[in-house]
Amino acid sequence: MSLVANARQQWLANPRRDLLAGTVVALALIPEAIAFSIIAGVDPAVGLYASCIIAVTIAFVGGRPAMISAATGAMALLMVTLVRQHGLEYLFAASILCGAFQIVIGVLRLGRYIKFVSRSVMTGFVNSLAILIFLAQMPELIGANWQTLAMVGAGLVIIYGFPLLTKAVPSALVAIVTLSVFAILANIDVRTVGDMGQMPTTLPMLHLPSVPLTWETLAIIAPVSATLAFVGLLESLLTANLIDDITDTPSDKDRETRGQGVANIASGLFGGMAGCAMIGQSIINVTSGARGRLSTLWAGLLLLFLILVLQDWVARIPMAALVAVMIMVSVGTFDWSSLLRLRSTPLQSSIVMIATTATVVATHDLSKGVVLGVILSAVFFMRKVGKTIEVREAAAPEGELRYVVAGQLFFASADLFAASFEHHGHPKRVEIDLSDAHIWDLTGVAAIDKVIFRYRRQGAVVEVTSVNSATQSLIDKVGRHNRAWLPSPGSH
């Protein structure tokens, strides 16, 4: 596909659907950006500016069309201590450095390694975020008056019922507009977007962080920036994987990694905080029909227009309408089939999924849950592969032994390998056939050394045969049995 055709496909394949979906996203972004600013301990303008700038920037430089990036709760939680101890200017500097770290990671092409996150971890990640999205709506529902609860119910009816009539317009947008008009005309006493906080009244301006350019400043912001970069990329790349699955289209993970960095640098330079992909808003976008970059660009531009030009009207949107949209997102995001598969799924996979979900929900920290899930997946995998090593005794002339080894020899299987050899008696010659085996690490080579040296102490001549080139290269580098001869048989 030519560059022009590719650009047309990513930007103008279905502009009407992209614009409508982006409109829903922009409306839903406002209260979330304000809430995340409050979490981080900064003015609402910081989160709103960040959401506008990151969305607009990532539309051009990101690697996953139709994915929404903006200010997020996961990132906001990591900023609290820095803002409290050092102030807002250090947050801007940390956001810029976070972006620089992400660009370096993208240039090194490390984004592709997200493929090592197992399906069980992905399912746990998705389910935990669905639960967190739902729990985030509880403050708006617990203790609310009956009018609020009735409007949330009405919103859900519209969201799920309107598509039965027509899918020409996103049902979430219909719900927001309908409930807003009704609440304004009927003058219903419910919480509105304006109750969340004051919206800015001026355009974001270029602003270099007012911090001293010293090693001390770097020591303050670098740990925070590194953590922001890691968590931001983790959430962004996992969300990109999810959108890939939903839309059945591929994404460029390394480009997305670099794009997140560019967007965060731009945010820090224009008075915003670092952000990343938002799974909730991205789900809203693609389920509303968006597939192109135009939806992300429009969401950012319309958000800026709404908060600067139409903020008096936006402030009157009832929170109940947006809560209904987010409940729909939560229900749609959760992988309900994963619960039905618990009986048929291998126990280890179920443990990984449940541990990932529980950790993220308990800590509200995506990185902790995903890292735990990856570690558990690796441990279970190594334990399983470690048991696949097989040492079989084959026919051999009298006074000789011949063993055929099959499987993967590394640190997890080394003990089982060494224990599989018979060391009684005094064979004259021992052959170890590695034609169906592969040695992966130093522990595997050490296990070979251990077996060979044992037989040599018994006076046997040991020969290792049919070794593949990679295994032979490793043995030549670190093996001991092919370098020195242990004492003669009579010395033991």
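Residues numbered from 1 in each chain as written. Predicted model: local features only at pLDDT ≥ 70, side-chain atom pairs only at ≥ 80, totals over all residues. Heavy atoms only, no water.

1. Brief notes about the overall build of the protein
Helix and strand content of the protein: 21 helices and six strands. Radius of gyration (C-alpha) of the protein: 29 Å, far over the 23 Å computed for a compact globule of 492 residues. Accessible area for the protein stands at about 22600 Å²; split by element, carbon and sulfur atoms hold 65% of it. The positive charge centre, built from 34 side chains, and the negative charge centre, built from 31, are 3 Å apart in the protein. (Helix = DSSP H or I, 4+ residues; strand = E, 2+ residues; numbered from the N terminus. Rg over C-alpha atoms; globule rule 2.2 N^0.38 Å. Areas by Shrake-Rupley, 256 points an atom, 1.4 Å probe, with all protein chains shown as cover. Lys, Arg positive; Asp, Glu negative; His and termini not counted. Charge placed at Lys NZ, Arg CZ, Asp CG, Glu CD.)

2. Description of the pairing of strand β4 (residues 400-409)
For a regular strand, the rule is simple: side chains alternate between the two faces of the sheet. Bridge analysis of strand β3 (residues 390-394) against β4 gives five bridges, and the strand direction is antiparallel. Paired with E390 across the two strands is A406, which belongs to β4. Between β3 and β4, which pair antiparallel and follow one another directly, the connecting turn spans five residues, one of which, G399, has a positive phi of 85 degrees. Pairing geometry for β4 and strand β5 (residues 429-439), over nine bridges, is parallel. When the sheet's bridge partners are listed, V404 is paired in β5 with D433. (Pairing = 2+ DSSP bridges.)

3. A few points about the sheet that holds β4
A sheet is described by the order of its strands in space; here four strands give the open sequence β3-β4-β5-β6, paired in mixed fashion. What marks the edges here is a single partner per strand, and that holds for β3 and β6 (461-465). The sheet shows a mean angle of 20 degrees between the axes of neighbouring strands, taken without regard to direction. (Axes fitted to C-alpha atoms, helices over the stretch in contact; angles between N-to-C directions.)

4. Thoughts on the pattern of salt bridges
By the definition in use, this model includes eleven salt bridges. In this structure, R64 and D244 form a salt bridge, with 2.7 Å as the shortest nitrogen-oxygen distance. Placement of R64 in the loop between α3 (44-61) and β1 (69-70) and of D244 in helix α10 (residues 215-247) is noted, with a sequence separation of 180 residues between them. Since its relative accessible area comes to 11%, D244 is described here as buried. R191 serves as the salt-bridge partner of E140, at 3.0 Å between the closest nitrogen and oxygen. Pair noted here: E140 is in helix α7 (residues 138-141) and R191 is in the loop between α9 (171-186) and α10, with a separation of 51 residues, a long-range link. Judged by relative accessible area, which is 13%, E140 ranks as buried. One salt-bridge network, held together by shared partners, links E400, R402, R429, E431, D433 and E463. (Salt bridge = Lys/Arg side-chain N within 4 Å of Asp/Glu carboxyl O. Buried < 20%, exposed > 50% of the residue type's maximum accessible area, 1.4 Å probe, protein only.)

5. Some points on helix α21 (residues 469-478)
Those residues of α21 not exposed but buried are T471, L474 and I475. Projected down its long axis, α21 carries its buried residues within an arc of 100 degrees, all on one side. Facing away from the buried side of α21, by more than 90 degrees, are the exposed residues S469 and K477. Buried residues along α21 sit in contact with β5 and α20 (442-457). Its side-chain oxygen at 3.2 Å from the backbone nitrogen of A470, N468 defines the N-terminal cap of α21. (Arc of directions from axis to C-beta. Contact = heavy atoms within 4.5 Å. Polar contact = N/O pair within 3.5 Å; in protein donor to acceptor, adjacent residues only side chain to side chain.)

6. Examining unusual backbone geometry
Phi at N187 is positive, roughly 55 degrees, even though this residue is not glycine. By the secondary structure assignment, N187 is in the loop between α9 and α10. Of note in this structure, D248 is not a glycine but carries a positive phi near 55 degrees. Relative to the helices and strands, D248 resides in the loop between α10 and α11 (253-269). The exposure class assigned to D248 is exposed, which follows from its relative accessible area of 70%.

7. Considering helix α13 (residues 293-308)
The end-to-end C-alpha distance of α13 is 23 Å, a good match for the 22 Å that 16 residues give at a rise of 1.5 Å each. For α13, a buried count of twelve out of 16 residues is recorded, marking the element as mostly surrounded by other parts of the structure. Three or more residues of α13 are buried, namely R293, L294, S295, T296, L297, A299, G300, L302, L303, L304, L306 and I307. (Expected span 1.5 Å × (residues − 1).)

8. Some remarks on the environment of G425
On the secondary structure map, G425 appears in the loop between α19 (414-418) and β5. Linking G425 and G399, residues 26 residues apart in sequence, is a C-alpha distance of 9.3 Å.

9. Focus on the nonpolar core
Of all hydrophobic cores here, the largest spans 106 residues; its most connected members are I30, M79, F125 and M273. The element contributing the most residues to this core is helix α2 (residues 15-40), with twelve residues. If sequence neighbours within four positions are ignored, F125 has contacts with E235, L238, T239, I279, T356, L366 and V370. V405, L434, V445 and V451 belong to the second-largest nonpolar core, a separate cluster that totals 25 residues. (Core = buried A, V, L, I, M, F, W, Y, C linked by side-chain atoms within 4.5 Å.)

10. Points about the packing of aromatic side chains
Using the criterion set out here, one finds five aromatic pairs in the structure. Each ring, one from F334 and one from W336, has its centre 4.6 Å from the other, and the planes form 50 degrees; the classification is tilted. According to the relative accessible area criterion, F334 is buried, its value standing at 15%. The class of W336 is partly exposed, set by a relative accessible area of 49%. Note on Y403 and F421: the rings are 4.7 Å apart at their centroids and 65 degrees apart in plane angle, and the pair reads as edge-to-face. On the criterion of sequence distance, the pair formed by Y403 in strand β4 and F421 in the loop between α19 and β5 is long-range, its members being 18 residues apart. Here the two residues Y403 and F421 agree in accessibility, since each one is buried. Among the aromatic residues, those joined into a ring-pair cluster are Y403, F417 and F421. (Phe/Tyr/Trp six-rings, centres within 6.5 Å; stacked < 30°, edge-to-face > 60°.)

11. Re the side chain of S413
Take S413: it is sitting in the loop between β4 and α19. If sequence neighbours within four positions are ignored, S413 has contacts with G386, I389 and Q408.

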